[in-house]
Amino acid sequence: MASIQDNDWFYNILHPYVSWRFRHSYRHIEYVGKENIPADGAIIYAPNHTNGLQDALAIVAMDKQPKVFVARADIFRKPRQARLLRKIKIMPIARIRDGIENVRKDEEVMEQAVDVLADGVPFCILPEGTHRSKHSLLPLTKGVFRIACMAVERLGDTKPVYIVPVGLEYGNYFRFRSSLLVNIGKPINVTQFIAGHPDLTLPQIYNELRDMLTEALQGQILWIPDDEMYDATLEICYLSDVMNPELLPALPETQTVHTESRLLQRIRNDQEIVSRMLSLRRQSPEQAAALCRRMDEIATMRRTAGICVESVQTKNPLGTIIGRILLLVLLFPYFVICGVVTLPVWLTVNRLLRRLKDPSFYTSFQCALTIFILPVCFLTVAVLLFVLLPWYWALTVFVGLLPSNIVFHEYLRQYRLLRSDIRLWRFKELRRKITDLKNNNTKRI
């Protein structure tokens, strides 16, 4: 039987297409820090896990190089499904919840992972073990560190073993065509670390590597402590542009001008806001608690009314409303045509999403269905056009319809934002509270 890391024609055909479609599942996507990926060793990618299948696809689409993944063992129970997953280079790994007898089988999987690394193919494991749609981190499992240490023992001095932390930051976990920042951090040289700490036992090495990777991942994402102030702190990040700076103390070491790309700049600014909030919590717990109560009240009012963060951040609400109305009216005929072209995709998506209990898989299912159903839609449209019209008109119309899926979802997004803008415009009490937040008027809130 061929090894999972071996060259495969099916994977080679599927990889560029899936990567291309994945990138088009986001309005804005940025890969930052590719220069941190080592070129001289065995690579284990270790991203945070917040958005189902999308997290793995973000690593797949990083570059043209094939990569091998592990996924939870229960999705391999059906033989056909297991064969397909193997074809796309995914291996099963059991968790404690799957039973101790299944966990014992992981030793064989880890040996295969070491074989993958020995053959120079990158390996990816999501070290949190399960997904959670939060700007935080679950405790890291030891699987990634066991594999890394086994690889160091196998490879010896032939090549170093690296764990590469990858921070995945989504603009929205549950909306199709949001934004995504893939933030690649400095690699952890496991070979060098083990060589430099000969006195440590294997469990101690695991713990030290866990602490190093946890800290590295926290630096690559918007990390907020998962406690009673999480929601309020996240709302502060959302509204930081419209808040009075005096509400949070400035930190001297964070007084920097960010000149990075837009998504990276946004994450750096939010990280700075979180640092300031944590400082306020240490210096003045009562003031921090009072601020959190204000933010919780605003967040509750905003979410209950169905008002998006984008609406609150708008500088000219009335002008934005007028501009969106004009845009939607002008594009309505094209939107209807795009809706007809992509009808099978969004009908199937809507039907399946109603059955999903975990909203973390919404975007994963939308992306997967778009990958496999959209080509059939375009093929059908192309056949009809070339049958009914002269070839030159058919070609012209077909080219004009190629952005249909993007236009359809962008139109719906603009419509959703318009409704949100109007709700905010009519919600005088919320606008007053946001204005008081800008003016730091603590008496009125």
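Analysis parameters
- Residues numbered from 1 in each chain as written.
- Predicted model: local features only at pLDDT ≥ 70, side-chain atom pairs only at ≥ 80, totals over all residues.
- Heavy atoms only, no water.
- Helix = DSSP H or I, 4+ residues; strand = E, 2+ residues; numbered from the N terminus.
- Rg over C-alpha atoms; globule rule 2.2 N^0.38 Å.
- Buried < 20%, exposed > 50% of the residue type's maximum accessible area, 1.4 Å probe, protein only.
- Areas by Shrake-Rupley, 256 points an atom, 1.4 Å probe, with all protein chains shown as cover.
- Lys, Arg positive; Asp, Glu negative; His and termini not counted.
- Charge placed at Lys NZ, Arg CZ, Asp CG, Glu CD.
- Pairing = 2+ DSSP bridges.
- Right-handed = clockwise from strand over helix to strand, strands pointing away.
- Phe/Tyr/Trp six-rings, centres within 6.5 Å; stacked < 30°, edge-to-face > 60°.
- Contact = heavy atoms within 4.5 Å.
- Disulfide = S-S within 2.5 Å.
- Salt bridge = Lys/Arg side-chain N within 4 Å of Asp/Glu carboxyl O.

Peer 1: How should I be thinking about the overall build of the protein chain in this particular structure?
Peer 2: Helix and strand content of the protein chain: 18 helices and eight strands. Taking 2.2 N^0.38 as the reference for a compact globule, 445 residues should give roughly 22 Å; the C-alpha atoms of the protein chain span a radius of gyration of 25 Å, in line with that estimate. In terms of its C-alpha atoms, the protein chain occupies a principal-axis envelope of roughly 75 × 65 × 40 Å. The buried share of the protein chain, reckoned over its 445 residues, is 49%. Of the roughly 22,700 Å² of accessible surface on the protein chain, a fraction of 59% belongs to carbon and sulfur atoms. When the 56 positive and 44 negative side-chain charges of the protein chain are each reduced to one mean point, those points stand 10 Å apart.

Peer 1: Looking at this structure, I do not really get the pairing of strand S3 (residues 68-72). What am I missing?
Peer 2: Regular strands place side chains that alternate from one sheet face to the opposite one. Extensive coverage of S3 is indicated by the burial of four of its five residues. Of the strand pairs in this sheet, S3 and strand S5 (residues 123-124) are connected by two bridges, and their pairing is parallel. Its bridge partner being in S5, Val-68 is matched across the sheet by Phe-123. Direction of pairing for S3 relative to strand S4 (residues 90-93): parallel, over a ladder of four bridges. When the bridges of S4 are listed, Phe-69 appears paired with Ile-90. Taken together, S3, helix H3 (residues 79-87) and S4 constitute a β-α-β crossover, and its handedness is right-handed.

Peer 1: Hey, could you run me through the packing of aromatic side chains in this one?
Peer 2: How two aromatic rings sit relative to each other is given by the distance of their centres and the angle of their planes. Within this structure, the stated rule accounts for 13 aromatic pairs. For the ring pair Phe-335 and Tyr-411, a centre distance of 4.1 Å and an interplane angle of 15° mean the geometry is stacked. Here Tyr-411 lies in helix H17 (residues 404-426) and Phe-335 lies in helix H13 (residues 317-341), a separation of 76 residues in the sequence. Here the two residues Phe-335 and Tyr-411 agree in accessibility, since each one is buried. Each ring, one from Tyr-392 and one from Trp-393, has its centre 6.3 Å from the other, and the planes form 50°; the classification is tilted. Its relative accessible area of 44% is what places Tyr-392 among the partly exposed residues.

Peer 1: Is there a simple way to explain helix H9 (residues 230-239) in this structure?
Peer 2: Owing to its 3.6 residues per turn, the α-helix brings residues three or four apart onto one side. Burial analysis of H9 places eight of its 10 residues in the buried class, the great majority of the element. Regarding H9, the residues found buried are Tyr-230, Ala-232, Thr-233, Leu-234, Glu-235, Ile-236, Cys-237 and Leu-239. On the buried face of H9, the contacting elements are helix H10 (262-283), helix H11 (285-304), helix H12 (309-312) and helix H18 (428-439).

Peer 1: Quick question: what am I supposed to make of the state of the cysteines here?
Peer 2: Here the structure, examined in full by the defined rule, presents zero disulfides. Summary of cysteine pairing: Cys-124 is not part of a disulfide, and the nearest cysteine sulfur, belonging to Cys-367, is at 16 Å. Taking relative accessible area as the criterion, Cys-124 reaches 1% and is therefore assigned buried. Among the cysteines around Cys-149, which has no disulfide bond, Cys-124 carries the closest sulfur, lying 18 Å off. By relative accessible area, which is 8% here, Cys-149 ends up buried.

Peer 1: What exactly am I supposed to notice about the environment of Ile-125 here?
Peer 2: Note that Ile-125 resides in the loop between S5 and helix H6 (143-155). On the basis of relative accessible area, Ile-125 is assigned to the buried category, the value being 6%. Through-space distance from the C-alpha of Ile-125 to that of Val-144 is 6.6 Å; in sequence the pair is 19 residues apart. Those residues in contact with Ile-125 that sit more than four places away from it in its chain are Ile-44, Tyr-45, Ala-46, Pro-47, Val-70, Ile-93, Gly-143, Val-144 and Ile-147.

Peer 1: Where do I start with the pattern of salt bridges in this structure?
Peer 2: Any two side chains of opposite charge can pair, so long as their charged atoms come close to each other. Considering all chains together, one arrives at 18 salt bridges under this definition. In this structure, the salt-bridge partner of Lys-67 is Asp-63, at a minimum N-O distance of 2.6 Å.

Peer 1: In this structure, what is going on with unusual backbone geometry? I would like to understand it.
Peer 2: Note: most peptide bonds trans; most residues except glycine with negative phi. Positioned with a positive phi, Lys-89 is a non-glycine residue whose angle comes to about 65°. Within the fold, Lys-89 resides in the loop between H3 and S4. For Lys-89, a relative accessible area of 3% gives the class buried. The phi dihedral of Arg-177 is positive, around 60°, even though this residue is not glycine.

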